[in-house]
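# Geometric and topological summary
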Amino acid sequence: MKQIKHLTTMICIALMALAVFWTIQKEALADTKPGSITVRLHELKTPKKDVKFTAYFVGGWNAAEGKWELDESLAQTGVDLENLTSADELEIAARKLIMKGNLEELEAVNGQTDDSGTMVLSDLKWGIYLLKQQSGEEVYGTVSPFLVTIPSFDEDGTRTIDLTVEPKAQAPIKKEAGRIEVTKRVGYLDPELFEIVDLIPEDATYYVGIFRDRQGYIPYGTNYIKPIHMKGISTGTAVFSELEAGTYYIFETDSKGNVYQPDELQPGEPYSWICQVEDGSTQEITLDGKANTPAGKVGFYNLYYDLPEDYRYKASINIEKKVLNENEEQIEVTDTFYAGIFRDKEGTDLYQVAELAQNDTVTISVPLGGEDGQEPITYYIFETDKDGNLLDKSTFPYEVSGEDSVDVTKGNLIGDVSLTNVKQETEESTEIEEEDGDDSDNSDGSNNSDNSKKSTKKSSSRKTGDDTPITLYVIMLAVAIMAVVILTRSRILKGRKKHE
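Read on for a plain summary of the structure. What you see is a predicted model, and the numbers here were worked out from it, not measured in a lab.

Procedures and definitions
Residues numbered from 1 in each chain as written. Predicted model: local features only at pLDDT ≥ 70, side-chain atom pairs only at ≥ 80, totals over all residues. Heavy atoms only, no water. Pairing = 2+ DSSP bridges. Helix = DSSP H or I, 4+ residues; strand = E, 2+ residues; numbered from the N terminus. Axes fitted to C-alpha atoms, helices over the stretch in contact; angles between N-to-C directions. 1 Å grid on protein atoms, 1.4 Å probe; cavity = no way out; pocket = protein on both sides within 12 Å on 5 of 7 lines; lining within 4 Å. Points joined across faces, edges and corners; volume = space filled by probe spheres on them. Nonpolar A, V, L, I, M, F, W, Y, C, P; charged D, E, K, R; others polar. Expected span 1.5 Å × (residues − 1). Contact = heavy atoms within 4.5 Å. Buried < 20%, exposed > 50% of the residue type's maximum accessible area, 1.4 Å probe, protein only.

### Points about the sheet that holds strand E24 (residues 338–342)
Reading across the sheet, the 4 strands line up as E25-E24-E27-E29 and stay open at both edges, with antiparallel pairing between neighbours. Two strands in the sheet have a free side with no partner beyond their single neighbour: strand E25 (350–355) and strand E29 (404–408). The mean angle between the axes of side-by-side strands here comes to 25°, regardless of whether they run parallel or antiparallel.

This is the structure:
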């Protein structure tokens, strides 16, 4: 019985102590005296001045439940402040807030460091602040985002409203010669064909990010996201350049840098999809930072389970280019050749111009037609200049053949065209034999054929299909006429003198 009374007394005392603690805590948190945050940068042997930060007010005290809570607009980030016990967890939580949160809608204050690397943000109301380094030239280095609570309490219950923090920082990125190329394709699982077909977006933008860790939490620098814009093309590319030696991890992200893990279903509205890493590719790239290092390459493929609006089935046209001489022998010339892919037989509705490969084949991606991007369409292939203008065949130094139309459909997504150019000779060498000798009779009345001399001259004339040297004959005729005129005039003058 005495034990029960003793236990009851202890429970009552504990409840009273807890009540007093919460009362003190609530009264303390009801204090309206503003606090401050002082940031002091670590020594990285780089200039500490003018490092800019933004402090976002991300949460406050929930007096009813006696705990700190994030702003309602950040609920989708999945950050739970009650389960953050280590510095790494706090940093990851800060990065999640940056990536997934709509921070631009929150209250915020800005500041920058002085020569000593110190920044003071004063007159701050009590709550939870997320401090983020602003993007820009990283002269000092890269500062990790961090969370600060005003007020904070020590283990002995001491309250502090003026806080000083030294955030984690990395030395500036060295600009070296390493580079990583990231390519992007998109496709659709066709339920009728029961196969995956590539798509061409009319206008879409995807994003990729470069990170220091395999989970995609620690970005490489502050400008770590690059867009891949795909407008009427089936493949897009982004390049991360001037990378220092090290290991990098590449992820597809949203515009804020929130990573999409490969092979995880993304239940987007109204289209569900997954991000896949292309066969033979890897997200982990190690570079030595030297110019002669082959570029690291990463390929992503987005597979849609619902056909997105304004995406079209991709078809392909193979254009073979043959260059021949008059004997139909394959030759290489210094000219560059182009083909225009048109949507009309008159050659006025140009879709694309392609540079051709001599005596080889190039493949051009084209979309199917119709409003849904799945209907049959006919393309017309003509040889053009580099701007897509039809050639003037009367002045083009090649005879062109093989210009044709191509029909592509869902059941036949590949078409073929073979263009042939035969080099036309614009000049030819013609040998003309002329006799150079004395045509007068010899004293014996006979023709001395032995004294006749033959000379060979070359004359160039534009090829017309007739080998007769017309120009030479015209010149000879003109000379003869002039000789007759001169001779006639001379005789007339002599006749007048005799008459006189």
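### Topic: the layout of surface pockets
What the second largest pocket holds in volume is close to 460 Å³. Lining the second largest pocket are 18 residues, and of these Glu-138, Ile-173, Lys-175, Asn-223 and Glu-242 lie nearest its centre. Looking at which element gives the most residues to the lining of the second largest pocket, the answer is strand E17 (residues 235–243), with 4 residues. Taken together, the residues of the lining of the second largest pocket sort by class into 8 nonpolar, 5 polar and 5 charged.

### Re helix H2 (residues 87–100)
The end-to-end C-alpha distance of H2, which contains 14 residues, comes to 20 Å, matching closely the 20 Å that a straight helix rising 1.5 Å per residue would cover. Those residues of H2 that are buried are in contact with strand E3 (67–70), strand E6 (127–133), strand E8 (146–150) and strand E15 (204–211).

### Some words on the pairing of strand E2 (residues 52–62)
The element E2 is extensively covered by neighbouring structure, given that 8 of its 11 residues are classed as buried. Relative to strand E4 (residues 108–112), E2 runs antiparallel, the two sharing 5 bridges. Pairing of Lys-52 across the sheet is with Gln-112, part of E4. The pairing of E2 with E3 spans 4 bridges and is classified as antiparallel. Bridge pairing links Gly-60 to Glu-69 in E3. With antiparallel pairing between neighbouring strands as the criterion, E2 and E3 make up a hairpin whose turn holds 4 residues, including Gly-66 at a positive phi of roughly 65°.

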